[in-house]
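So the chains spell out like this:
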Amino acid sequence: MLGKRTNVVVLHPSPVLNAGVRALLADECDVRAGDFARVPESADVVIADHEQALALMHAMATGLPARCLVVSARLNGRMVREAMEAGAHGYVTAECAGPELNRAVQSVNLGQRYLCSGASACLANSFGLDPLTRRELQVLELLGAGLGNKSIALRLDIALGTVKAHVRTVLDKLCVSSRTQAVIEARRRGLLGDDDELTTTAAAAR
């Protein structure tokens, strides 16, 4: 007798990715498109993008039984770590092949964690340094947004000398010698978001 097929609901906001994911899973799972506002309790696995997954984790804390697999077109260590810490069971890139997507779904359905090779590498890289403090991260984000020391001091309402000290510490912790290298290395490790996120950060830090 055949075992029960995994019930998968795809909430991905991209119509192309939504249709592609459903097509790749159709042979081995009972899969359908869903509505974030009405995730059925019969769902075993819910597939969402990064932002929806974080919102879903909050909803799942109230009792939804489904486990969450993130399928994301963007990938960095910060995003992977954020989703997994929030409660997602898996994280794969939108470029993953059908067999790996099916393995991810089945692993998540069994309560196991699943990261594709790219997500695993990003996550590992994001932990390979001395942790930055909250203030150091704020300074780093403003560096990434293109602000100079004086502007950072004004935005964070701290002394210029304090900014310079934070910048030196950030460079030391990232093992780099320049502000540009710090931003590149921080992005590689997943400590910084994309340019839109950094622009928002710079505008908010007033």
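Residues numbered from 1 in each chain as written. Predicted model: local features only at pLDDT ≥ 70, side-chain atom pairs only at ≥ 80, totals over all residues. Heavy atoms only, no water.

Caption draft 1: Looking closely at the sheet that holds strand E5 (residues 90-93). The parallel open sheet is built from six strands, whose spatial order is E2-E1-E3-E4-E5-E6. Each having just a single partner strand, strand E2 (29-33) and strand E6 (114-115) make up the two edges of the open sheet. In this structure, strand E1 (residues 6-10) lies alongside E2, joined through five bridges in parallel fashion. Bridge pairing links Val-8 to Val-31 in E2. The strands touched by helix H3 (residues 77-86) within the sheet are strand E4 (67-72), E5 and E6, with E5 carrying the most contacts at an inclination of about 150°. The strands touched by helix H4 (residues 98-109) are E1, E2, strand E3 (45-48), E4, E5 and E6; relative to E4, the strand with the most contacts, the crossing angle is about 155°. (Pairing = 2+ DSSP bridges. Helix = DSSP H or I, 4+ residues; strand = E, 2+ residues; numbered from the N terminus. Contact = heavy atoms within 4.5 Å. Axes fitted to C-alpha atoms, helices over the stretch in contact; angles between N-to-C directions.)

Caption draft 2: Structural view of the nonpolar core. Formed by 37 residues in total, the largest nonpolar core has its most connected members in Ile-47, Leu-69 and Val-92. Within the second largest apolar cluster, 21 residues are counted, among which are Leu-143, Ile-158, Val-176 and Val-183. (Core = buried A, V, L, I, M, F, W, Y, C linked by side-chain atoms within 4.5 Å. Buried < 20%, exposed > 50% of the residue type's maximum accessible area, 1.4 Å probe, protein only.)

Caption draft 3: Here's a closer look at the pattern of salt bridges. A complete count under the given rule lists three salt bridges for this structure. Arg-74 is paired through a salt bridge with Glu-51; the nearest N and O atoms lie 2.9 Å apart. You can see Arg-74 sitting in the loop between E4 and H3 and its partner Glu-51 sitting in helix H2 (residues 50-60), a full 23 residues away along the chain. A relative accessible area of 43% places Glu-51 in the partly exposed class. (Salt bridge = Lys/Arg side-chain N within 4 Å of Asp/Glu carboxyl O.)

Caption draft 4: Structural detail: the side chain of Glu-136. Considering the arrangement of structural elements, one finds Glu-136 in helix H6 (residues 134-144). Reaching out from Glu-136, the side chain makes a polar contact with the side chain of Lys-173 at a distance of 2.9 Å. Among all residues touching Glu-136, those that are not within four sequence positions of it are Pro-131, His-166, Thr-169, Val-170 and Lys-173. (Polar contact = N/O pair within 3.5 Å; in protein donor to acceptor, adjacent residues only side chain to side chain.)

Caption draft 5: Seen up close, the packing of H6 against helix H8 (residues 160-174). At a minimum axis separation of 10 Å, H6 and H8 run at an interaxial angle of 90°. The orientation of H6 relative to H8 falls into the category roughly perpendicular. Across the interface between the two elements, Arg-135, Glu-136, Val-139, Leu-140 and Leu-143 of H6 pack against His-166, Val-167, Thr-169, Val-170, Lys-173 and Leu-174 of H8. Residues belonging to the contact of H6 with H8 are distributed by class as follows: six nonpolar, two polar and three charged. (Parallel < 35°, antiparallel > 145°, perpendicular 65-115°, else oblique. Nonpolar A, V, L, I, M, F, W, Y, C, P; charged D, E, K, R; others polar.)

Caption draft 6: Inspection of the environment of Arg-74 at higher detail. Judged by its relative accessible area of 31%, Arg-74 falls in the partly exposed class. The sequence separation of Arg-74 and Thr-93 amounts to 19 residues, and the corresponding C-alpha distance is 7.2 Å.

Caption draft 7: Structural detail: the environment of Val-71. Structurally, the position occupied by Val-71 is in strand E4. Val-71 gets classed as buried once you look at its relative accessible area, which sits at 2%. It is 5.5 Å that separates the C-alpha atoms of Val-71 and Ala-94, two residues lying 23 residues apart in sequence.

Caption draft 8: Spotlight on unusual backbone geometry. Of note, the phi angle at Asp-157 is positive, near 60°, even though the residue is not glycine. Mapped onto the fold, Asp-157 is located in the loop between helix H7 (149-156) and H8. By relative accessible area, which is 69% here, Asp-157 ends up exposed.

Caption draft 9: Broad picture of the pairing of E4. Taken across its six residues, E4 has five buried, putting it largely inside the fold. As judged from the four bridges shared by E3 and E4, these two strands associate in the parallel manner. When the sheet's bridge partners are listed, Ile-47 is paired in E4 with Leu-69. As paired elements, E4 and E5 share four bridges and run parallel to each other. In the sheet register, Val-70 faces E5, and the bridge partner there is Tyr-91.

Caption draft 10: Local environment of helix H9 (residues 179-188). Looking at H9, one finds that the buried residues are Ala-182, Val-183, Glu-185 and Ala-186. Among the structural elements, H6 and H8 are those in contact with the buried residues of H9.

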